[in-house]
Amino acid sequence: MGNIITPYLTLAAILFCIGLYGALTKKNGVIVLLSIELMLNAVNLNLIAFSKLGDHPALTGQIFSLFNITIAAAEAAVGIAILITIYRNKGTVDVTDLDSMKR
């Protein structure tokens, strides 16, 4: 099992690290949302790889991955709607300028 699943886990780790880097370092709200989606897709890749190539293959990981994709789509829609509203009100999607809750 170790040699078969290793490329999938390596790819998922690389994708997750790229997404984490983007979410923590970028200032643009759209890029942050895309980075979070990249991290969720890395998790989905892990779920499907373990579901298909694990010691006890089952559909559980694939079903959970479908739920995760549904939640990610809803999160992206709500996040983009919030960013559009913020852009209309403030004229920017820079996350460092979004401090209206502090005042």
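Rules of the game
Residues numbered from 1 in each chain as written. Predicted model: local features only at pLDDT ≥ 70, side-chain atom pairs only at ≥ 80, totals over all residues. Heavy atoms only, no water. UniProt positions renumbered as here; feature names shortened; annotations may be inferred. Helix = DSSP H or I, 4+ residues; strand = E, 2+ residues; numbered from the N terminus. Rg over C-alpha atoms; globule rule 2.2 N^0.38 Å. Buried < 20%, exposed > 50% of the residue type's maximum accessible area, 1.4 Å probe, protein only. Expected span 1.5 Å × (residues − 1). Polar contact = N/O pair within 3.5 Å; in protein donor to acceptor, adjacent residues only side chain to side chain.

Named according to an unreviewed UniProt entry, the chain is NADH-quinone oxidoreductase subunit K originating from Paenibacillus silvestris. UniProt's Sequence similarities (unreviewed entry) comment on the chain is quoted here verbatim: "Belongs to the complex I subunit 4L family." Per UniProt, the chain has the following entry under Subunit (unreviewed entry): "NDH-1 is composed of 14 different subunits. Subunits NuoA, H, J, K, L, M, N constitute the membrane sector of the complex."

Engineer: Any chance you could explain the overall build of the chain here in plain terms?
Structural biologist: Scanning the chain from terminus to terminus reveals three helices and zero strands. Reading the helices (α) and strands (β) of the chain from amino to carboxyl end gives α-α-α. A globule of 103 residues ought to have a C-alpha radius of gyration of about 13 Å, yet the chain, at 17 Å, is considerably larger. Expressed as lengths along the three principal axes of its C-alpha atoms, the size of the chain is roughly 55 × 25 × 20 Å. By the burial criterion, 21% of the 103 residues in the chain qualify as buried.

Engineer: How do you make sense of the UniProt feature "transmembrane region" (unreviewed entry) in the chain when you look at a structure like this?
Structural biologist: What UniProt calls "transmembrane region" (unreviewed entry) maps, in this numbering, to residues 6-24, 31-51 and 63-87. Helix makes up 100% of residues 6-24 and strand makes up 0%, while its end C-alpha atoms are separated by 27 Å. Between the first and last C-alpha atoms of residues 31-51 the distance is 30 Å; the span itself is 100% helix and 0% strand.

Engineer: Honestly, helix 2 (residues 29-53) in this entry has me stumped. Any pointers?
Structural biologist: Along an α-helix, residues three or four apart share an orientation, since each turn contains 3.6 residues. Between its first and last C-alpha, helix 2 extends 36 Å over 25 residues, near the 36 Å set by a 1.5 Å rise per residue. Considered for burial, the residues of helix 2 that qualify are Gly29, Val32, Leu33, Ser35, Glu37, Met39, Ala42, Asn44, Ala49 and Ser51. If you check the start of helix 2, you find a side-chain oxygen 3.2 Å away from the backbone N of Val30, and it comes from Asn28.

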